[in-house]
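As a plain string of letters, each chain reads:
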Amino acid sequence: MPDQLAITPLPAAFDLTIDDLPGSKSLTNRALLLAALATGQSTLTGVLFSDDTRHMLDALGRLGFALTIDEGSRAVTVTGQGGAMPRPQAELHLGNSGTCVRSLTAACALGEGPYRIDGIARMRERPIGELVEPLRQIGADVQYLDNAGYPPLTVGSRGGLAGGELIMRPTLSSQFITALLMVGPCCRAGLTLRFEGAVTSRPYVEMTLSVMEAFGARASVDEAFTRVRVEAGTYAGRAYAIEPDASNASYFLAAAAVMPGSRCTITNLGKASLQGDVGFAEVLGQMGAQVTMSDDAITVASPATGQPLRGVDVDLNRMPDTAQTLGPVALFADGPTTIRNVGNLRVKETDRMAALQNELTKLGATVDVVGDDLRITPPGDGKLRPTAIDTYDDHRMAMGFAVAGLRSPGVVINDPACVNKTFPDYFDYLDRLRGASASPAAAQGRMG
Ligand SMILES: O=C(O)C1=C[C@@H](OP(=O)(O)O)[C@@H](O)[C@H](O)C1
Ligand SMILES: C=C(OP(=O)(O)O)C(=O)O
């Protein structure tokens, strides 16, 4: 990919159905790890192949699990070892993948070790202490190799994890809870987590429990979501189909919302999804976009003729990865947009609060960060300033800001290859909108 990619505005409205969106990163990495912890073989279909999932595949290989990878048909077969780690030691390099670093730190605590876990420079700035402390309490030996509370680290245990009950105060990332839950069945006494306070990014924890149950775990949650109990037991290998990635669907749905007269449908994703990010379509709906969602399809069309997008005041704690989709959409609204309760954006691929503020400001918006909230006021004259967008090695900066360039001239994406983290073919999919922008349905302005 080039160092910079100019996004040219679409020539006309588009009408497009995407029925082959690549698989979910979150589901792929959960299913791969649970398949490895299970007894017997699992075949996963709809697998995402991107940097983050290649790190998981590579790690499982280094840990000694047998994998058969068929990238062409998006399938992976994993031979599980019933909760055992085939190799007693390994070195894992996990890039900037939070899902890998957190879940593999917990899983490696099942083996003797030491297993060494590390990532790129940014990963060494992403905290992990809120996972390490509870892991130590249930029998893991974790040593920080550089800075306390951050990778790199080594992990292992003498004879596995005891389990029992853990009190969890609010964490910066739900991935710590996910990591603990996934090893829950392999703990001698099972695992009970008691949450003191709200669980951040909660739909991801619910997703974890759903995938665990699909692989045969027994788990229960109370109605108020203050206690989760996972029984000791064994995961069972199975065939598992991975859904398309809902976070990555958000960019195409956003494009339909901002491009007058346009419509986009994503299939195999809808109300029945395990991914909280399907809720982003409803945020576009609150802004005035026309939204329909069935069990297995989502359609978003721009507001009815003559209606502008409205600014919105929304809590995105349940779907933080969509903040970088909403930010650029907010530029086209008729008033300010407030994104609330997203403080943990500061510890993701980059400091996403700062990155959003910098780049939206370059495009002409006024952006105020107040505590864990972001307030975005679009340019007063309604026109975006042509500019090169810095992406901070963060795939979602590239993907989200490219949407603005579909409507407004002069948007250039720096380092577009950063999309490889979760969506290597992103710009090819974006070109499909261009291809569909002269389609007869769109040209007739069917969406009003
Ligand atoms: O569990 C997961 O698969 C994820 C959880 C979220 O992280 P946080 O819980 O840190 O918000 C999300 O941002 C990330 O992309 C994937
Ligand atoms: C935050 C993200 O990734 P992770 O935490 O898994 O590195 C993301 O994909 O937006």
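Under an unreviewed UniProt entry, the chain has the name 3-phosphoshikimate 1-carboxyvinyltransferase and belongs to Natronomicrosphaera hydrolytica. Check the Subcellular location (unreviewed entry) section of the UniProt entry for the chain; it says "Cytoplasm". Of the comments in the UniProt record for the chain, the one headed Pathway (unreviewed entry) reads "Metabolic intermediate biosynthesis; chorismate biosynthesis; chorismate from D-erythrose 4-phosphate and phosphoenolpyruvate: step 6/7."

A short note on the packing of helix 3 (residues 98-108) against helix 5 (residues 175-183)
Packing of helix 3 against helix 5 leaves a shortest axis separation of 8 Å and a crossing angle of 40°. Regarding helix 3 and helix 5, the two cross each other, and that crossing is right-handed. Touching Gly 98, Thr 99, Arg 102, Ser 103, Ala 106 and Ala 107 of helix 3 are Gln 175, Phe 176, Ala 179, Leu 180, Met 182 and Val 183, all from helix 5. Class assignment of the residues belonging to the contact of helix 3 with helix 5 gives a composition of seven nonpolar, four polar and one charged.

Observations regarding the pattern of salt bridges
Taken as a whole and judged by the stated rule, the model has 26 salt bridges. With its nearest N and O atoms 2.9 Å apart, the salt bridge here joins Arg 263 to Asp 15. Placement of the pair is Arg 263 in strand 15 (residues 263-267) and Asp 15 in strand 2 (residues 15-18), with a sequence separation of 248 residues. Here Arg 263 and Asp 15 have matching classes, each one buried. Of the charged contacts in the structure, one is a salt bridge between Glu 231 and Arg 229, with a shortest N-O distance of 3.4 Å. Take Glu 231: its relative accessible area is 30%, and that puts it in the partly exposed class. On the accessibility criterion, Arg 229 (16% relative accessible area) is buried. Three or more residues are tied together by salt bridges with common partners; here these are Asp 52, Asp 321, Glu 349, Arg 352, Asp 394, Arg 396 and Lys 421.

A word on the site of ligand 1
Neighbouring ligand 1 are 13 residues; Ser 26, Ser 174, Ser 201, Asp 321 and Lys 348 lie closest to it. Ser 26 is positioned such that a nitrogen or oxygen atom in its side chain is 2.6 Å from an oxygen atom of ligand 1. With the chains in place, 96% of the 390 Å² that ligand 1 exposes on its own is no longer accessible. Here the shell around ligand 1 takes three residues from helix 1 (residues 25-37), the largest share from any one element. Its residues assigned to classes, the shell around ligand 1 comprises two nonpolar, seven polar and four charged.

Focus on the site of ligand 2
With respect to spatial proximity, 14 residues lie near ligand 2, and among them Lys 25, Gly 98, Arg 126, Arg 396 and Lys 421 are the closest. Contact distances for ligand 2 include 3.0 Å between an oxygen atom and a side-chain N or O atom of Glu 349. For ligand 2, whose free accessible area comes to 290 Å², the fraction covered by protein is 99%. Of all elements in the fold, only helix 3 and helix 11 (395-407) reach the threshold of two or more residues within the shell around ligand 2.

Some remarks on the UniProt feature "binding site: 3-phosphoshikimate" (unreviewed entry) in the chain
Mapped onto this structure's residue numbering, the UniProt feature "binding site: 3-phosphoshikimate" (unreviewed entry) falls at Lys 25, Ser 26, Arg 30, Ser 173, Ser 174, Gln 175, Ser 201, Asp 321, Asn 344 and Lys 348. Tracing the backbone through its elements, the reader meets Ser 26 in helix 1. Owing to a relative accessible area of 8%, Ser 26 belongs among the buried residues under this scheme. Among all residues touching Ser 26, those that are not within four sequence positions of it are Tyr 204 and Met 207. Examined against the element boundaries, Ser 174 turns out to sit in the loop between strand 10 (164-168) and helix 5.

Here we look at helix 7 (residues 246-258)
With 13 residues, helix 7 should reach 18 Å at 1.5 Å per residue; the first-to-last C-alpha distance of 19 Å fits that figure. Where helix 7 begins, one side-chain oxygen reaches toward the backbone nitrogen of Ser 247, 2.9 Å away; that side chain belongs to Asp 245.

Examining the sheet that holds strand 10
Ordered by their spatial adjacency, four strands build an open sheet running 10-11-13-12, and the pairing between neighbours is mixed. Each of the sheet's edge strands pairs with one partner strand only, and the pair in question is strand 10 and strand 12 (219-221). The sheet shows a mean angle of 15° between the axes of neighbouring strands, taken without regard to direction. Here strand 11 (residues 191-195) runs beside strand 13 (residues 227-230); their pairing, made up of four bridges, is antiparallel. What sits directly across from Thr 192, in strand 13, is Arg 229.

Some words on the nonpolar core
Counting residues in hydrophobic clusters, the biggest one holds 75 residues, and the most contacted among them are Phe 14, Phe 252, Leu 326 and Tyr 426. The biggest single contributor to this core is helix 7, with 10 residues. Apart from residues no more than four positions distant in its own chain, Tyr 426 is found in contact with Tyr 251, Phe 252, Met 399, Ala 402, Val 403 and Val 419. Core analysis: the second largest hydrophobic core is formed by 73 residues, Leu 63, Cys 100, Phe 176 and Leu 209 among them.

Focus on the pairing of strand 5 (residues 75-81)
Taken across its seven residues, strand 5 has five buried, putting it largely inside the fold. Note that strand 3 (residues 39-45) and strand 5 share seven bridges and pair antiparallel. Bridging from a neighbouring strand, Gly 40 pairs with Gly 80 of strand 5. Of the pairings in the sheet, the one linking strand 4 (residues 66-70) to strand 5 comprises five bridges and is antiparallel in character. Looking at the pairing, Ala 66 lines up with Thr 79 of strand 5.

Calculation criteria
- Residues numbered from 1 in each chain as written.
- Chains lettered and ligands numbered in written order.
- Predicted model: local features only at pLDDT ≥ 70, side-chain atom pairs only at ≥ 80, totals over all residues.
- Heavy atoms only, no water.
- UniProt positions renumbered as here; feature names shortened; annotations may be inferred.
- Axes fitted to C-alpha atoms, helices over the stretch in contact; angles between N-to-C directions.
- Helix = DSSP H or I, 4+ residues; strand = E, 2+ residues; numbered from the N terminus.
- Left-handed = near helix turned anticlockwise from the far one by under 90°.
- Contact = heavy atoms within 4.5 Å.
- Nonpolar A, V, L, I, M, F, W, Y, C, P; charged D, E, K, R; others polar.
- Salt bridge = Lys/Arg side-chain N within 4 Å of Asp/Glu carboxyl O.
- Buried < 20%, exposed > 50% of the residue type's maximum accessible area, 1.4 Å probe, protein only.
- Near = heavy atom within 4 Å.
- Polar contact = N/O pair within 3.5 Å; in protein donor to acceptor, adjacent residues only side chain to side chain.
- Areas by Shrake-Rupley, 256 points an atom, 1.4 Å probe, with all protein chains shown as cover.
- Expected span 1.5 Å × (residues − 1).
- Pairing = 2+ DSSP bridges.
- Core = buried A, V, L, I, M, F, W, Y, C linked by side-chain atoms within 4.5 Å.

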